Amino acid sequence: MTVYNFSAGPAVLPHTVLEKAQSELLDYRNSGMSVMELSHRSSLFEEIIQDAENLLRELMAIPENYQVLFLQGGASLQFSTIPLNLARHKKALYVNTGSWSQKAIEAAQQIADVTVDVIASSEDKQFSYIPDIDPSSIDQDAAYLHITTNNTIEGTAFQTIPNAGIVPVVADMSSNILANDYQVEDFGLIYAGAQKNIGPAGLTVVIIRDDLLNDEAIFAPMLDYRLQAKNDSLYNTPPTYAIYIAKLVFEWLQELGGVKEILAQDRQKAALLYQAIEKSTLFSSPVAEDSRSLTNIPFVTGDTELDRLFNEQAVKAGFENLKGHRSVGGMRASLYNAFPIEGVQALVDFMQAFEAEVK
């Protein structure tokens, strides 16, 4: 039986990447060592991390005046790291579009010398849409405006990036990095956990404009962007194997034709599933049409018992991790870059068969 993994993260990886990693697992480039055994100070690993950075710069067209950091701690650690570096003794602006935005807001609120202002929210409708942002609400003296570009749990995404004037836009791009047509220049800082579109859990990518590197030293060196940049992400032992897999994923993306090509594929996959949902008399989308995510697509029957039955039968049919997040229920298909379109078609066929069976 073919298994399709719809997990929101850790998520599916390209099969060819896994095969490449398998072939090099025991002996990387005739070194007699696995990548997991290489010193992070060795020339072999230095080449890996440099290649990873160069590939990501090419894929995202990252300008020279931005630093690319490969860090640890997940995107969640950045919730505290960002205000500590950018907003001490200042105001930080946030847009609340769901669970991860809320966690970022709560983390910033714990920092005594940071003032947090939530300027827009979609909580009034269970985070089913992306709220409009009134330009007049953006204090031009603020340290930054924080958004979550794609909301993994709720299935919403920013279709355009807000114009914040001179205020830098800071974006949690964990679940749609390398799967959008945003321009890096529109952001002051981008951060993303790797376990959705980049590689395995354990790696976090931070892309930060040079002028936003903190002037004051941070009390915790591991959270100090300037120190991490000065040491080329090698202040301590980085997640070496996760960086190696990320490099392989970047190579895979480049060979496919880059972000433009993978975005076209992602749109095709998402359209296939959204069209099936729209045509269905059983399933529906809880998300406003103009706010829908390409990468995380929730759907429901409107009946908790039917949702439970669907999820049970889906697992038996080889569809893993379709059950919606515990906070919202229903179903959720995460269609990251490496997820095959054949899996989407198989899911659509299964949904149609289930609908015919229960009607």
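Here is a short report on the structure shown in this document. (Residues numbered from 1 in each chain as written. Predicted model: local features only at pLDDT ≥ 70, side-chain atom pairs only at ≥ 80, totals over all residues. Heavy atoms only, no water.)

Before going further, it helps to spend a moment on the overall build of the protein. For the protein, the helix and strand inventory stands at 9 helices and 13 strands. Taken over C-alpha atoms, the radius of gyration comes to 21 Å for the protein, in line with the 21 Å a tight globule of 359 residues would show. Dimensions of the protein, computed from the C-alpha atoms along their principal axes, are close to 65 × 60 × 30 Å. Here the protein, with 359 residues, has 56% of them falling under the buried criterion. In the protein, the share of contacts with a sequence separation of at least 24, taken over all contacts with a separation of at least 6, comes to 69%. (Helix = DSSP H or I, 4+ residues; strand = E, 2+ residues; numbered from the N terminus. Rg over C-alpha atoms; globule rule 2.2 N^0.38 Å. Buried < 20%, exposed > 50% of the residue type's maximum accessible area, 1.4 Å probe, protein only. Contact = heavy atoms within 4.5 Å.)

All right, on to the packing of helix α1 (residues 15–23) against helix α6 (residues 240–256) then. For any two helices packed against each other, one specifies the inter-axial angle together with the distance between the axes. Interhelical geometry of α1 versus α6 gives an angle of 130 degrees and a closest axis separation of 10 Å. When the axes of α1 and α6 are compared, the pair comes out oblique. Handedness of the crossing formed by α1 with α6: right-handed. Residues Thr16, Val17, Lys20 and Ala21 of α1 pack against Tyr241, Tyr244, Ile245, Leu248, Val249 and Trp252 of α6. (Axes fitted to C-alpha atoms, helices over the stretch in contact; angles between N-to-C directions. Parallel < 35°, antiparallel > 145°, perpendicular 65-115°, else oblique. Left-handed = near helix turned anticlockwise from the far one by under 90°.)

Turning next to the side chain of Ser122. Position of Ser122 relative to the elements: it lies in the loop between β4 (114–121) and β5 (144–148). A distance of 3.0 Å separates the side chain of Ser122 from the backbone oxygen of Tyr129, its partner in a polar contact. Ignoring sequence-local partners within four residues, the contact set of Ser122 consists of Asn96, Thr97, Phe127, Ser128, Tyr129 and Pro131. (Polar contact = N/O pair within 3.5 Å; in protein donor to acceptor, adjacent residues only side chain to side chain.)

This model, assessed by the stated rule, comprises 16 aromatic pairs. Aromatic side chains Phe79 and Tyr191 sit 6.3 Å apart centroid to centroid with 80 degrees between the ring planes, which places their arrangement in the edge-to-face category. Remark: Tyr191 occurs in strand β9 (residues 189–193) and Phe79 occurs in helix α3 (residues 74–86); sequence separation between them is 112 residues. Here Phe79 and Tyr191 have matching classes, each one buried. Look at Phe283 and Phe354: their rings are 6.3 Å apart centre to centre, the planes differ by 35 degrees, and that puts the pair in the tilted class. With Phe283 in the loop between α7 (258–279) and β11 (296–299) and Phe354 in helix α9 (residues 341–358), this pair connects stretches of sequence that are 71 residues apart. By the burial criterion, Phe283 is buried, and Phe354 matches it. One aromatic cluster is present, formed by Tyr4, Phe6, Phe283, Phe299, Phe310, Phe319, Phe339, Phe350 and Phe354 through successive ring pairs. (Phe/Tyr/Trp six-rings, centres within 6.5 Å; stacked < 30°, edge-to-face > 60°.)

Here strand β8 (residues 169–172) shows two buried faces, one formed by Val169 and Ala171 and the other by Val170 and Asp172. Judged from the 4 bridges that link them, β5 and β8 form a sheet pairing that is parallel. Note on β8: the bridge partner recorded for Thr148 is Asp172. With 3 bridges connecting them, β8 and β9 associate as parallel partners. Looking at β9, one finds that Ala171 is bridged to Ile190. (Pairing = 2+ DSSP bridges.)

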